[in-house]
Amino acid sequence: MPTRIFGRQVTILNNPHAIQHVMVKNHDNYERKAPQQRRALEQLLGDGLFISDGETWQFRRREVAATVHRRKLDIFAPVMVDATEELAQHWHQMGDGAQVDALVEMADLTAEIIARAVFGSKLGRDKTLEVIQGFTDYQKVVNQINVAYFLGADDGWPLFPGPRRRASIARVHRVIDELIAHHLSGRGDPNSMIAMLMKSVDPRTDKPMTPVELRNEAATIFMAGHETTAATLTWAWYLLSRAEWAEDQLHRELDEVLGGRAPTLADVPRLKYTRAIIDETLRLYPPVPILGRQAKEADMIGEFPIDAKSLVLVIPWLLHRHEEFWERPHNFEPDRFLEKRPKFPFAYTPFAVGPRVCAGTAFGQVEAVLCLATLAQQFRVRVPEDANVVPQCRLTLRPRGGLPVTIHPRRDRG
């Protein structure tokens, strides 16, 4: 049911039929991301795919989707496993009971994977930490509540680029610009995502992307690919630490399917319980817990009139825990994803649905399965019983202050 904040209509959708209407059936009217999201990210991502619309979005969507298409996963899956095996070796060297921040470890891992996939070369720990810290600092200072929008400015107002925000943006852009320059000089990997994007030609101009446009898409892929998968894996470790029965079942599957070797892309369809853990983690802790859209024109959603330029919100955090659509919605039960998909298809939207579904969904899901399989085959990860784990929503859903864990090599590997 719509409500108003000052003079602006805001509608929260918590019904699968309404979500289908907005994101699939009448998606053209709700193509634009919410002004809050666009203004919050435009200084970091420019006109990147995540916040662009119209012809720019159509062109970028086609090109980016081609670089992360399922057919490319045979190129990228070994990259995912190799980087994860390197982290596993590092964990073994740290010794039994080593204390780490799981969020930092997973962010470091996924940033390295994205760097190798996007740019075709190892980024190195110093640069991955530079990018991670840049994104982290940006999330600390960005504010997605754009008051001007609710006071009548249909596109909101640009955010003031304060010194902390400028510094965080500069950290990310500096690393990405250096890697793009490497490619533009002819020294890049021809199989990398950025090399594929460099070959694309904008039909509006008959020209390739400029270095700034390449940076915007690289930053978008970096943020979406590294942030969401890092958050998902972090929450998976938290849930498994609190549900050892699920961890035991996971280990049995990994031992049976892999027999001690590293996983491959061909193993993913057989790692059904591993995938179910990822799916259930995404249900309970969706990495983007609020999906905002702006209505282009006035509309009707069911019996409710929707104003032009109003804000429409799909909130996976609420939707995924709705008792009408999920049995025992607050319980961690991976089995619910083993044999059947959700009873209500549009009640599960961790990556949105419809034409604006995340272009890297397949990449991220395979990445999460392979990373979890590689590490869980070798380690148990434990969150201290007295840890105060509180979800915090910035641009993504993270545990506030990180997730302290201890890592323990498995003694019962099959």
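Just so it is clear, the model here is predicted, and its values are computed rather than measured.

Conventions adopted
Residues numbered from 1 in each chain as written. Predicted model: local features only at pLDDT ≥ 70, side-chain atom pairs only at ≥ 80, totals over all residues. Heavy atoms only, no water. Helix = DSSP H or I, 4+ residues; strand = E, 2+ residues; numbered from the N terminus. Rg over C-alpha atoms; globule rule 2.2 N^0.38 Å. Buried < 20%, exposed > 50% of the residue type's maximum accessible area, 1.4 Å probe, protein only. Contact = heavy atoms within 4.5 Å. Areas by Shrake-Rupley, 256 points an atom, 1.4 Å probe, with all protein chains shown as cover. Lys, Arg positive; Asp, Glu negative; His and termini not counted. Charge placed at Lys NZ, Arg CZ, Asp CG, Glu CD. Salt bridge = Lys/Arg side-chain N within 4 Å of Asp/Glu carboxyl O. Core = buried A, V, L, I, M, F, W, Y, C linked by side-chain atoms within 4.5 Å. Pairing = 2+ DSSP bridges. Phe/Tyr/Trp six-rings, centres within 6.5 Å; stacked < 30°, edge-to-face > 60°. Lys NZ or Arg CZ within 6 Å of the ring centre and 35° of its normal. Axes fitted to C-alpha atoms, helices over the stretch in contact; angles between N-to-C directions. Expected span 1.5 Å × (residues − 1). 1 Å grid on protein atoms, 1.4 Å probe; cavity = no way out; pocket = protein on both sides within 12 Å on 5 of 7 lines; lining within 4 Å. Points joined across faces, edges and corners; volume = space filled by probe spheres on them. Nonpolar A, V, L, I, M, F, W, Y, C, P; charged D, E, K, R; others polar. Left-handed = near helix turned anticlockwise from the far one by under 90°.

### A few points about the overall build of the protein
Scanning the protein from N- to C-terminus turns up 14 helices and 13 strands. Computed over the C-alpha atoms, the radius of gyration of the protein is 21 Å, within 12% of the 22 Å expected from 2.2 N^0.38 for a compact globule of 414 residues. Seen through its principal axes, the protein has C-alpha atoms that stretch 60 × 55 × 40 Å. Taking all 414 residues of the protein together, 57% fall into the buried category. Look at the contacts in the protein between residues 6 or more apart in sequence, and 77% of them connect residues 24 or more apart. Carbon and sulfur atoms make up 54% of the accessible area of the protein, which amounts to about 17800 Å² in all. Of note, the protein has its 53 positive side-chain charges centred 2 Å away from the centre of its 52 negative side-chain charges.

### Some points on the environment of Asp-74
Positionally, Asp-74 belongs in helix H4 (residues 73-94). Taking the relative accessible area as the measure of exposure, Asp-74 reaches 51% and is therefore exposed. The spatial distance from the C-alpha of Asp-74 to the C-alpha of Ala-107 is 23 Å, given a sequence separation of 33 residues.

### Regarding the side chain of Glu-367
Summarising the element assignment, Glu-367 is placed in helix H14 (residues 361-376). One buried charged side chain, Glu-367, makes no salt bridge at all; its nearest oppositely charged neighbour is Arg-116, positioned 10 Å away. Ignoring sequence-local partners within four residues, the contact set of Glu-367 consists of Met-80, Thr-110, Ile-113, Gly-225 and Thr-229.

### A closer look at the nonpolar core
One finds Met-106, Phe-119, Phe-222 and Phe-363 to be the most contacted residues of the largest nonpolar core, which totals 121 residues. The greatest single-element share of this core, amounting to 13 residues, is contributed by helix H10 (residues 211-241). Aside from chain neighbours lying at most four places away, what touches Met-106 is Leu-87, Trp-91, Ala-230, Leu-233, Thr-234, Trp-237 and Leu-375. Val-10, Tyr-149, Phe-150 and Leu-313 belong to the second largest nonpolar core, which has seven residues in total.

### Re the pairing of strand S9 (residues 311-314)
Residues Leu-311 and Leu-313 line one face of S9 and the alternating positions Val-312 and Val-314 line the opposite face, and both faces are buried. The pairing of strand S2 (residues 8-13) with S9 spans four bridges and is classified as parallel. Across the sheet, the residue bridging to Leu-13 is Val-314, located in S9.

### Quick look at the packing of aromatic side chains
In the structure shown here, the tally under the stated rule is 11 aromatic pairs. For the ring pair Trp-245 and Phe-332, a centre distance of 6.3 Å and an interplane angle of 45 degrees mean the geometry is tilted. Taken together, the residues span a long stretch of sequence, with Trp-245 in helix H11 (residues 244-258) and Phe-332 in the loop between helix H13 (316-319) and H14 at a distance of 87 residues. Residue Trp-245 is classed as partly exposed on the basis of its relative accessible area, which comes to 48%. Given the relative accessible area of 11%, Phe-332 is considered buried. Among the aromatic residues, ring-to-ring pairing joins Trp-235, Tyr-238, Tyr-285 and Trp-317 into one connected group. The positively charged end of Arg-8 is found above the aromatic ring belonging to Tyr-149, 4.1 Å away from the centroid. The ring centre of Trp-326 lies 5.3 Å from the NZ or CZ of Arg-283, which sits over that ring.

### Side note on the sheet that holds S2
Hydrogen bonding along the main chain pairs the strands of a sheet, whether they run parallel or antiparallel. What the four strands build is an open sheet, ordered S1-S2-S9-S6; its pairing is mixed. Every other strand in the sheet has two partners, leaving strand S1 (3-5) and strand S6 (291-294) as the edge strands with one partner each. Ignoring which end each strand starts from, the neighbouring axes of this sheet average 30 degrees apart. Across three bridges, S1 lies against S2 in antiparallel orientation.

### Comments concerning helix H12 (residues 272-284)
Counting along an α-helix, one turn takes 3.6 residues, and residues three or four places apart therefore face a common direction. Taking 1.5 Å per residue as the helical rise, H12 with its 13 residues ought to reach 18 Å, and the 18 Å between its terminal C-alpha atoms agrees with that figure. Taken across its 13 residues, H12 has 11 buried, putting it largely inside the fold. For H12, the set of buried residues is Tyr-273, Thr-274, Ala-276, Ile-277, Ile-278, Asp-279, Glu-280, Thr-281, Leu-282, Arg-283 and Leu-284. The inward-facing, buried residues of H12 abut H10, H11, H13 and H14.

### Here we look at the sheet that holds strand S13 (residues 404-409)
Strand order in the open sheet formed by three strands is S3-S13-S10, with antiparallel pairing between adjacent strands. Of all the strands in the sheet, the pair left with one neighbour each is strand S3 (98-101) and strand S10 (379-382). For this sheet the average axis-to-axis angle between neighbouring strands, irrespective of direction, equals 35 degrees. Taken together, the four bridges between S3 and S13 define a ladder with antiparallel strand orientation. Considered in S13, the bridge of Asp-101 is made with Pro-404.

### Structural notes on empty space enclosed by the protein
Taken as a whole, this structure holds one cavity of 30 Å³ or more when the rule is applied. In this structure, the largest cavity occupies an estimated 40 Å³ of space. Tallied by class, residues from the lining of the largest cavity come to four nonpolar, one polar and three charged.

### Looking at the packing of helix H5 (residues 102-119) against H10
Orientation of H5 relative to H10, taken along the N-to-C sense of each, is 145 degrees, at an axis distance of 8 Å. Where H5 crosses over H10, the handedness of that crossing is right-handed. Along the contact surface, H5 presents Ala-102, Leu-103, Met-106, Ala-107, Thr-110, Ala-111, Ile-114, Ala-115, Val-118 and Phe-119, while H10 presents Ala-218, Ile-221, Phe-222, Gly-225, His-226, Thr-229, Ala-230, Leu-233, Thr-234 and Trp-237.

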